[in-house]
Amino acid sequence: MRNPILIAALLCSACGPKAAPDTSWRKATPEPLAPRAFQLPEAQTGALSNGLSVSVVENHEVPLVSVRIAFDQGGWTDSADHIGLASVSMDMLNEGTKKYSSLEFDSILGSLGSNIGFGSDLDTSFVSVSSLKSNLDQTLDLAKEAVMFPTFPSNEIARIKKQTLAAFKRDEFRASSIAFRNIGKLLY
């Protein structure tokens, strides 16, 4: 049988005061490291048979592929009556396709370890894809499904519209938001 007093004494000594750690190394600012050479990777550019321009930067150190498809339509193309249309339209691409509900779509993406994002800014709308190289074809098929065959369910349109209107209210008096809303008129 174990001696409870001995165990308690050992635990107390283990938890008792200890010597302060040496922190003298924190008192001196470290010297900067020597500059390292940095070279941007070379981008290969070309065009597909349909005229779509493509840029590729290869890095064979990791088995990950990132793809960004950009469309020359963004917030600057929204009319005064439909502010936020580009953003809401791109957000809706996440909400289901002819083949998959949004939950099924997300489940398949998760099983592949892939991500697909949709968005819009002032200048462009875009689709971002990140996938393991071995799952790229399946992930691109899902991205194609979302872009070519969205269902735009009315309940999801209402939800995203409500979120967007709440964001507009929140940003109504923020200087950066005011500038963003008006920069298109000034630039274009």
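Preceding block: the structure.
Notes on the structure follow. Treat the numbers as computed from the prediction; the structure is a model and nothing was measured.

### Observations regarding the overall build of the chain
- Assigned secondary structure in the chain consists of 6 helices and 5 strands.
- Relative to a compact globule of 188 residues, whose C-alpha radius of gyration would be 16 Å, the chain shows 27 Å and is clearly more extended.
- On the principal axes, the C-alpha backbone points of the chain span a range of 75 × 50 × 45 Å.
- Relative to its 188 residues, the chain shows a buried fraction of 21%.
- A fraction of 65% describes how many contacts in the chain between residues 6 or more apart in sequence connect residues 24 or more apart.
- Surface summary for the chain: the accessible area is close to 14800 Å², and the carbon and sulfur share equals 60%.
- Charged side chains of the chain number 18 positive and 20 negative; the gap between the two group centres comes to 9 Å.

### Quick look at the environment of P63
- Note on placement: P63 falls in the loop between strand 2 (53-56) and strand 3 (64-71).
- Note on P63: relative accessible area 55%, which makes it exposed.
- Not counting chain neighbours up to four residues away, the residues in contact with P63 comprise S131, L132 and K133.

### A few points about the nonpolar core
- With 12 residues, the main nonpolar core is built from M90, L93, F105, L109, L112, I116, F118, V127, V129, L142, A143 and A146.
- Of all the elements in the fold, those that place two or more residues in this core are helix 3 (102-112), strand 4 (115-120), strand 5 (125-132) and helix 4 (136-148).
- Here L109 is in contact with S114, N115, I116, T139 and L142, once residues within four sequence places are set aside.

### Brief notes about the packing of aromatic side chains
- Here the structure, examined in full by the defined rule, presents 0 aromatic pairs.
- Seen from the ring of F126, R68 lies directly overhead, with NZ or CZ sitting 3.9 Å from the centre.

### A closer look at the pattern of salt bridges
- Going through the model one piece at a time under the given rule, you end up with 4 salt bridges.
- Salt-bridge contacts for R159 lead to E156; the nearest nitrogen and oxygen are separated by 2.7 Å. Taken together, the positions of R159 and E156, both in helix 5 (residues 154-171) and 3 residues apart, correspond to about one turn of that helix.
- Residue classification places R159 among the partly exposed positions, given a relative accessible area of 35%.
- The exposure class of E156 is buried, given its relative accessible area of 17%.

### Remarks on the pairing of strand 2
- In this sheet, strand 2 lies alongside strand 1 (residues 44-47) in antiparallel orientation, the contact comprising 4 bridges. Its bridge partner being in strand 2, T45 is matched across the sheet by S55.
- Where strand 1 hands over to strand 2, the hairpin turn is made up of 5 residues, of which G51 adopts a positive phi near 95°.

### A few points about helix 3
- Buried within helix 3 are the following residues: S102, F105, L109 and L112. Considered in projection along helix 3, the buried side chains sweep an arc of 95° and stay on one side of the axis. More than 90 degrees from the buried face of helix 3, the exposed residues found are L103, G110 and S111.
- The secondary structure elements touched by the buried residues of helix 3 are strand 4 and helix 4.
- Positive backbone phi, approximately 70°, marks G113, located one or two places after helix 3.

### Topic: a nonpolar patch on the surface
- Judged by side-chain polarity, I69, F71, V147, M148 and F149 come together as a nonpolar surface patch covering roughly 400 Å² of accessible area.
- Looking at the nonpolar patch, the elements that each hand over two or more residues are strand 3 and helix 4.
- Mapping V147 onto the fold places it in helix 4.

### Some points on the packing of helix 2 (residues 85-92) against helix 5
- Interhelical geometry of helix 2 versus helix 5 gives an angle of 135° and a closest axis separation of 10 Å. In terms of their interaxial angle, helix 2 and helix 5 are classed as oblique. For the pair helix 2 and helix 5, the crossing hand works out as right-handed. Across from V88, D91 and M92 in helix 2, the residues of helix 5 making contact are E156, I157, I160 and T164.
- Looking at side-chain class alone, the contact of helix 2 with helix 5 contains 4 nonpolar, 1 polar and 2 charged residues.

So, how was this worked out
- Residues numbered from 1 in each chain as written.
- Predicted model: local features only at pLDDT ≥ 70, side-chain atom pairs only at ≥ 80, totals over all residues.
- Heavy atoms only, no water.
- Helix = DSSP H or I, 4+ residues; strand = E, 2+ residues; numbered from the N terminus.
- Rg over C-alpha atoms; globule rule 2.2 N^0.38 Å.
- Buried < 20%, exposed > 50% of the residue type's maximum accessible area, 1.4 Å probe, protein only.
- Contact = heavy atoms within 4.5 Å.
- Areas by Shrake-Rupley, 256 points an atom, 1.4 Å probe, with all protein chains shown as cover.
- Lys, Arg positive; Asp, Glu negative; His and termini not counted.
- Charge placed at Lys NZ, Arg CZ, Asp CG, Glu CD.
- Core = buried A, V, L, I, M, F, W, Y, C linked by side-chain atoms within 4.5 Å.
- Phe/Tyr/Trp six-rings, centres within 6.5 Å; stacked < 30°, edge-to-face > 60°.
- Lys NZ or Arg CZ within 6 Å of the ring centre and 35° of its normal.
- Salt bridge = Lys/Arg side-chain N within 4 Å of Asp/Glu carboxyl O.
- Pairing = 2+ DSSP bridges.
- Arc of directions from axis to C-beta.
- Patch = residues over 30% accessible without salt bridge, like charges linked within 9 Å, V, L, I, M, F, W, Y side chains within 5 Å.
- Axes fitted to C-alpha atoms, helices over the stretch in contact; angles between N-to-C directions.
- Parallel < 35°, antiparallel > 145°, perpendicular 65-115°, else oblique.
- Left-handed = near helix turned anticlockwise from the far one by under 90°.
- Nonpolar A, V, L, I, M, F, W, Y, C, P; charged D, E, K, R; others polar.

By themselves, these are just geometric observations and shouldn't be taken as functional.
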